[in-house]
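Observations on chain architecture
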Amino acid sequence: MTTPTVDRRGERPDRTGPGPVTMFGPDFPFAYDRWLSHPAGLGALPSTRHGTPVAVIGGGISGLVAAYELMRLGLRPVVFEAEQLGGRMRSVGFPGHPDAVAELGAMRFPPSATTLFHYVDLVGLGTRPFPNPLAEPTAGTLIDLNGARHWARTMTDLPDVYQEVWEAWSKTLQEGADLSAMDNAIRRRDTATIKSIWNRLVRELDDESFYGFLAAAPAFASFRHREIFGQVGFGTGGWDTDFPNSMLEILRVVYTGADDRHVSIVGGCQLLPTRLWRRVPDRAAYWPAGTSLAALHPGGPRPAVTRLARAADGIRVETASGADTFAAVVLTPQVRLLLSTIDCDESLLPTDVWTAVERTHYMGASKVFALTDRPFWREVDPATGRPVMGMTLTDRAPRSVYLFDDGPDQPGVICLSYTWNDDSLKVAALPAEERLAMMLRGLDRIYPELEIRNRIIADPVTVTWETDPRFMGAFKANLPGHYRYQRRLFSHFVQAGLPEHQRGVFLAGDDISWTGGFAEGAVTTGLNAVWGVLHHLGGRTPAANPGPGDAFPAIAPIELPY
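Presented here is a report on the structure given in the accompanying data block. (Residues numbered from 1 in each chain as written. Predicted model: local features only at pLDDT ≥ 70, side-chain atom pairs only at ≥ 80, totals over all residues. Heavy atoms only, no water.)

**Remarks on the state of the cysteines**
Throughout the structure, instances matching the rule amount to 0 disulfides. No disulfide involves Cys415; its sulfur sits 13 Å from that of Cys269, the nearest cysteine. Judged by its relative accessible area of 0%, Cys415 falls in the buried class. (Disulfide = S-S within 2.5 Å. Buried < 20%, exposed > 50% of the residue type's maximum accessible area, 1.4 Å probe, protein only.)

Printed below as a string of structure tokens:
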């Protein structure tokens, strides 16, 4: 919905008082951004451990952050990647137009993701505002719902019922989830207050779905209001495809500003992992000047892992081309791959963690992109004085349409459709051209005068993450009652209480985090794994800069009775 002018960090230029909203908590309010920037560094290893190989399985942002920091500590990360560096940070060019980018996975990042932006800034990437619905940089938003169309620049341009829905959502969050108190606590990084509010809500809402929470709220007594909310979404997403998910998942997004004020990465978000791969750290233990992850892998990453097993001297990692044994392993692929493409010895993880792996629920997601001869949507309709096309939210097949361009003289990119779950499955079996035709039929009914197909100059680019054998889903989303499972996965990096034969494998990735689908969670769980490996190999964090595992006993996610 409408937001005031902000800079990339989420600061309002005229605001005084507490700091900005960041992705600080609520489950585990640890200041990863401050840990990274502290002059004392992340820790130190015994010199006898310098150069020790550590397997990092998966070359997405979580794996590469872990590998980069392990290299800085003086270890030798050995990265295994089945396809290409970046994971779901995947930026793809169009046939014949490689410089025009389609963001198949991650595409918008909240300024509250301060740990992620530590690395964005480190590798020198630029950002620009993302054209979300009703956002200030968006020239216009068209809502097409139940056959009625409404053009808007701000919320006040929409019919009263939309304002009623937004007010109902705001009131429900205040009355049912202490939004103002949590907002203030997160801005102040007031750990005690965050934990007090959140621990109570976890007990109250663990079994509650998003839809159940809405339906029980007096402000959403009208089905019409719930229906509109399900089509238009909260913030920049969260449509009715999210309704079955745990309400706790939704609150994590809302509290931490993850759904607001997004930016995109100039040139494509895949530049972040690929630049981190090549970056030479300013300081690194043991390694000579000029060492980078790329330099440690002159032939590129190792191939896909096929099997993991315990060996007498460590953990055996097998690929189609051979096997090696490592003192520790950071495992970043979606955990459901441990049930399918990676044959993993069950003794490597505790039984209750395996149960959590089995129960992890993933959202599906599909996108369809088209390249046009120019950003024709900038043109003004003389009859209305408005742009001929805007960012579009609809209950038709496309669901959401985003418009991107680098100026009037360059080709334009349209994300013709970004859909989740059931909406994603509607196109999962269709080839790219049929997906394109399906989306254009829907848009032709909304914009009958535009003839969008005539403006397309390249074959479409599409993705469905749930049908990709290396992912089998877009991102985790806890269902009601899944809190206990997520806690087991997240907490696994603290291994002092595990038997020796279950130590040394560290799970990381956004599905291990509390915020699935957000790169911040991938980065922070990668850093959890770094802390875990450091301590597993006899290292320690500095007293002046304790790490997430050091803080864990005091701020651990609440443990519900079993």
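**Some details on the packing of helix H5 (residues 179–188) against helix H6 (residues 191–205)**
One can describe the packing of H5 onto H6 by two numbers: an axis separation of 8 Å at closest approach and a directional angle of 145°. Between H5 and H6 lies a crossing whose hand is left-handed. Of H6, the residues touching H5 (which contributes Ala181, Met182, Ala185 and Ile186) are Thr193, Ile194, Ile197 and Trp198. Per-class residue counts for the contact of H5 with H6 are 7 nonpolar, 1 polar and no charged. (Axes fitted to C-alpha atoms, helices over the stretch in contact; angles between N-to-C directions. Helix = DSSP H or I, 4+ residues; strand = E, 2+ residues; numbered from the N terminus. Left-handed = near helix turned anticlockwise from the far one by under 90°. Contact = heavy atoms within 4.5 Å. Nonpolar A, V, L, I, M, F, W, Y, C, P; charged D, E, K, R; others polar.)

**A word on the packing of aromatic side chains**
For the structure shown, the criterion picks out 28 aromatic pairs. When the ring of Trp420 is compared with that of Phe475, the centres are 6.0 Å apart and the planes differ by 85°; the resulting orientation is edge-to-face. With Trp420 in strand S18 (residues 412–420) and Phe475 in strand S20 (residues 475–476), this residue pair connects regions lying 55 residues apart in the sequence. The same class applies to Trp420 and to Phe475, which are both buried. Considering the side-chain rings of Phe493 and Phe552, the 5.9 Å spacing of their centres and the 90° angle between planes classify their relative orientation as edge-to-face. You can see Phe493 sitting in the loop between helix H15 (483–491) and strand S21 (505–507) and its partner Phe552 sitting in helix H17 (residues 548–555), a full 59 residues away along the chain. By relative accessible area, which is 11% here, Phe552 ends up buried. Members of the aromatic cluster, each reached through a chain of ring pairs, are Phe28, Phe30, Tyr32, Trp35, Tyr483, Phe490, Phe493, Trp514, Trp531 and Phe552. (Phe/Tyr/Trp six-rings, centres within 6.5 Å; stacked < 30°, edge-to-face > 60°.)

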